[in-house]
Amino acid sequence: MSAGPSRAGRLVVVSNRVATPRQIATGGLASAMRAALSERGGLWFGWSGKIAEKAELHHRHEGGIDYATLDLTRADHDDYYAGFANRALWPLFHYRPDLVDYRRSHLEGYLRVNRLFAERLAAMLRPDDTVWVHDYHLIPLAAMLRGLGVRNRIGFFLHIPLPAAELLITLPRHRELIGALAAYDLVGLHTARDLRALETYFLHELGGALRPGGLLRAPDGRTFRAGVFPIGIDTAAVAQAAREAAALPEIQQFKDSLQGRALIIGVDRLDYSKGLPQRFEAYAQLLEREPALQRQVSFLQIAPPSRGAVPEYRRLRHELERSAGHINGKYATPDWAPIRYVNQSFPHAVLSGYYRTARVGLVTPLRDGMNLVAKEYVACQDPRDPGVLVLSRFAGAAQELDGALLVNPADTTEVAEALARALAMPLQERRKRWRAMMDVLERHDLGSWLDAFLDALYATHPARAGQRGG
Ligand code: GDG
């Protein structure tokens, strides 16, 4: 990172969930945030993950980082998190207006919790802090901070897709909500498609304008910068973990259990955006179309449950149980089960061993902001004998990983064909495709994503000078 005088002050990260060092479920993103925070002395603020009688704030200092976490009341949690964020914004932003369950009380709860976050955060901010807000739970946070007189640099990164304006306008009070992005100094998105959606929305729905240098102007005259920052993984560390995983007893045992069969792997939170029912259907079609593959291939789908409080997630879980049971019932033999469907999560080290064992990584979300599993699968391969990535065109990762076999996840026949092609792909072609993808992952890793976003954020400040907050 290039350090200049403008970089004085703390970095303050705000996200719905805060990954403290003691929590086990820490992905690469959490460690990268911690690295960025400890490097410059920082504060991480967000929901504690606990539901309590009142919204109490907890402080902790660990590993050079201050953590401030806030409990939520049951009503706040249900309206803000389980309600508006996960039953309105998540489905809509993933192009599922049919699943949107909008309730005014949820929106009010969402605004209430954002205001609460803003008030608590404003009281902790120092004048030279730089604030980085993450994801769809906290879209209006900067606008609320500005309303409290906060003039600090504030950046926002959206980890999920930003849908086309035609969909955004179906959201009640969308002008207030999406328009609130203008209160940030920088809005970061994963892909050029997301950026186009944002520009189109501001231009055509809000009557804003595009200014030279990638600035967007809101109708009230406020300008902000928006840019594409595709998130990466810690490529070197992930590849290293995969090399070491071979020695783990779990991985040895797992390999033995395959008895030489080719492995197809899927790893996803149990979420309707991940296209799991269609994926199961595509696999069934593969077995039907290519009877010779029966007993020669095994499909491991790891799907740790998430958001069990939301009815659609419970329905999806039942649907997948039925589907996996159906496929196994139809095709299994006494010594072979076509699908191993596992609702459990695993340590990253073990996961990387599974990835490396798999001949095919099957990543077929219907929509995904980026999809880190696709990148992790590639980074975990053995360069001498790499597997093949079958990837949805509608994952942000498809914009970068064109060495994958790109598919439309809704076309289960196309996915079945891609699977057959991946399983039969000659070594030379596999190596060539893998190398092309690995080059991208080495050039654009998690550290370079952090740097790119923060560089752009620090560069924005002069643009705000003279602007009024609020
Ligand atoms: C959101 C956006 C965007 C999964 N199972 C286990 C496990 N995982 C890890 C994976 C991966 C992470 O969880 C999932 O990340 P994804 O990117 O695939 O998907 P979302 O959770 O939906 O993330 C997405 C991302 O934000 C970042 O911007 O890419 O588009 O939706 O790292 O490895 N980790 C462990 N055990 C498991 O069983 N330890």
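Residues numbered from 1 in each chain as written. Predicted model: local features only at pLDDT ≥ 70, side-chain atom pairs only at ≥ 80, totals over all residues.

The name an unreviewed UniProt entry gives the chain is Trehalose-6-phosphate synthase, with Fulvimonas soli as the organism. What UniProt states about the chain under its Sequence similarities (unreviewed entry) heading is, verbatim, "Belongs to the glycosyltransferase 20 family." Entered under Subunit (unreviewed entry) in the UniProt record, the comment concerning the chain runs "Homotetramer." (UniProt positions renumbered as here; feature names shortened; annotations may be inferred.)

S.K.: When you look at the domain arrangement of the chain in this model, what are you seeing that I'm missing?
M.R.: Where the parts come together, the accessible area they lose is often given as the size of the interface. You can read the domains of the chain as domain 1 (11-228) and domain 2 (235-443). Residues of the side of domain 1 that touches domain 2, tallied by class, amount to 5 nonpolar, 5 polar and 2 charged. (Domains from an automatic or database assignment. Nonpolar A, V, L, I, M, F, W, Y, C, P; charged D, E, K, R; others polar.)

S.K.: Honestly, the packing of helix H10 (residues 276-289) against helix H14 (residues 412-424) in this entry has me stumped. Any pointers?
M.R.: The angle between the axes and the distance between the axes are what describe a pair of packed helices. Close contact between H10 and H14 brings their axes to 8 Å; oriented N to C, the two are set at 60 degrees. Comparing their axes, H14 and H10 come out oblique. Of the two elements, H10 crosses H14, and the hand of that crossing is right-handed. Taken together, the residues of H14 that come into contact with H10 (itself represented by Gln278, Glu281, Ala282, Gln285, Leu286 and Arg289) are Thr412, Thr413, Val415, Ala416, Leu419 and Ala420. Residues that form the contact of H10 with H14 fall into these classes: 6 nonpolar, 4 polar and 2 charged. (Axes fitted to C-alpha atoms, helices over the stretch in contact; angles between N-to-C directions. Helix = DSSP H or I, 4+ residues; strand = E, 2+ residues; numbered from the N terminus. Parallel < 35°, antiparallel > 145°, perpendicular 65-115°, else oblique. Left-handed = near helix turned anticlockwise from the far one by under 90°. Contact = placed C-beta atoms within 7 Å.)

S.K.: Sorry if this is basic, but what is going on with the nonpolar core here?
M.R.: When a protein is soluble and globular, its nonpolar side chains tend to lie buried together. Of all hydrophobic cores here, the largest spans 147 residues; its most connected members are Val14, Ala374, Val378, Leu389, Val390, Leu391 and Leu419. It is helix H2 (residues 74-93) that contributes the most residues to this core, 9 residues altogether. Here this core gathers at least three residues from each of two domains, domain 1 (11-228) and domain 2 (235-443). If near-sequence neighbours (up to four positions away) are discounted, Val378 is found in contact with Leu389, Leu401, Trp434, Met437, Met438 and Leu441. (Core = buried A, V, L, I, M, F, W, Y, C linked by C-beta atoms within 7 Å. Buried ≥ 20, exposed ≤ 12 C-beta atoms within 10 Å, placed from the backbone.)

S.K.: Help me understand the environment of Leu248, please; the structure alone is not making it clear to me.
M.R.: In this fold, Leu248 is placed in the loop between helix H8 (235-245) and helix H9 (249-258). Leu248 sits in the partly exposed class, given 15 other C-beta atoms within 10 Å. Along the chain, Leu248 and Asp382 lie 134 residues apart, while their C-alpha atoms are 16 Å from each other. With sequence-adjacent residues up to four places away left out, Leu248 is seen in contact with Ala349, Val350 and Gly353.

S.K.: Looking at this structure, I do not really get the site of the ligand. What am I missing?
M.R.: Around the ligand lies a shell of 21 residues, among which His159, Ser345, Gly369, Met370 and Leu372 are the nearest. For the shell around the ligand, the secondary-structure elements that each account for two or more residues are helix H12 (348-357) and helix H13 (372-379). The element best represented in the shell around the ligand is H13, accounting for 3 residues. Here the residues of the shell around the ligand are counted per class, giving 12 nonpolar, 6 polar and 3 charged. When residues of the shell around the ligand are assigned to domains, at least three map to each of domain 1 (11-228) and domain 2 (235-443). (Near = placed C-beta within 6 Å.)

S.K.: What should I look at first to understand the sheet that holds strand S12 (residues 297-302) in this one?
M.R.: Pairing is parallel across the open sheet formed by 6 strands, whose spatial order is S13-S12-S11-S14-S15-S16. Across the chains shown, the open sheet's two edge strands, defined by having one partner strand only, are strand S13 (339-342) and strand S16 (405-407). Direction aside, neighbouring strands of the sheet carry axes that sit 20 degrees apart on average. (Pairing = 2+ DSSP bridges.)

S.K.: What is the right way to read helix H11 (residues 311-331) from this model?
M.R.: A turn of α-helix holds 3.6 residues, and therefore any two residues three or four places apart point the same way. Compared with an ideal rise of 1.5 Å per residue, which puts 21 residues at 30 Å, H11 spans 31 Å between its outermost C-alpha atoms and is within 8% of the ideal. In this fold, the buried residues of H11 make contact with H10 and S13. (Expected span 1.5 Å × (residues − 1).)

S.K.: What's the story with H12 in this structure? I'm lost.
M.R.: With 7 of 10 residues buried, H12 lies mostly within the body of the structure. Those residues of H12 lying buried are Leu351, Ser352, Gly353, Tyr354, Tyr355, Arg356 and Thr357. Buried residues along H12 sit in contact with H8, H9, strand S11 (262-267), S12, strand S14 (360-363) and H13.

S.K.: Looking at this model, I keep getting lost on the pairing of strand S10 (residues 223-228). Mind explaining?
M.R.: Two faces belong to every sheet, and in a regular strand the side chains alternate between them. In terms of strand pairing, strand S7 (residues 186-189) meets S10 through 4 bridges, oriented parallel. From the neighbouring strand, Leu186 faces S10, where its bridge partner is Arg225. Alignment of strand S9 (residues 215-217) against S10, held across 3 bridges, turns out to be antiparallel. Residue pairing across strands places Arg217 opposite Thr223, the latter belonging to S10. Connecting the antiparallel pair S9 and S10 is a turn made up of 5 residues, with Gly221 showing a positive phi of about 95 degrees.

S.K.: Looking at this model, I keep getting lost on the sheet that holds strand S2 (residues 42-51). Mind explaining?
M.R.: Through backbone hydrogen bonds, the strands of a sheet pair up, either in parallel or in antiparallel fashion. Ordered in space as S3-S4-S2-S1-S5-S6-S7-S10-S9-S8, the 10 strands form an open sheet in which the pairing is mixed. The open sheet is flanked by strand S3 (57-62) and strand S8 (209-211), the only strands paired with a single partner. On average, each strand axis in the sheet is tilted by 25 degrees relative to the strand beside it, whichever way the strands run. Judged from the 7 bridges that link them, S2 and strand S4 (residues 65-72) form a sheet pairing that is parallel.

S.K.: Sorry, what's going on with the pairing of S4 here?
M.R.: Across 6 bridges, the pairing between S3 and S4 is antiparallel. Within the sheet, the bridge partner assigned to His58 lies in S4 and is Thr69. Where S3 folds back onto S4 in an antiparallel hairpin, the turn is made up of 2 residues, including Gly63, whose phi is positive at roughly 55 degrees.

S.K.: What's the story with the packing of H8 against H12 in this structure? I'm lost.
M.R.: At a minimum axis separation of 8 Å, H8 and H12 run at an interaxial angle of 80 degrees. Between H8 and H12, the interaxial angle falls into the category roughly perpendicular. Contact with H8, carried on its side by Val238, Ala241, Ala242 and Ala245, involves His348, Ala349, Val350, Ser352, Gly353, Tyr355 and Arg356 of H12 and no other residues of that element. Tallied by class, the residues present in the contact of H8 with H12 amount to 7 nonpolar, 3 polar and 1 charged.

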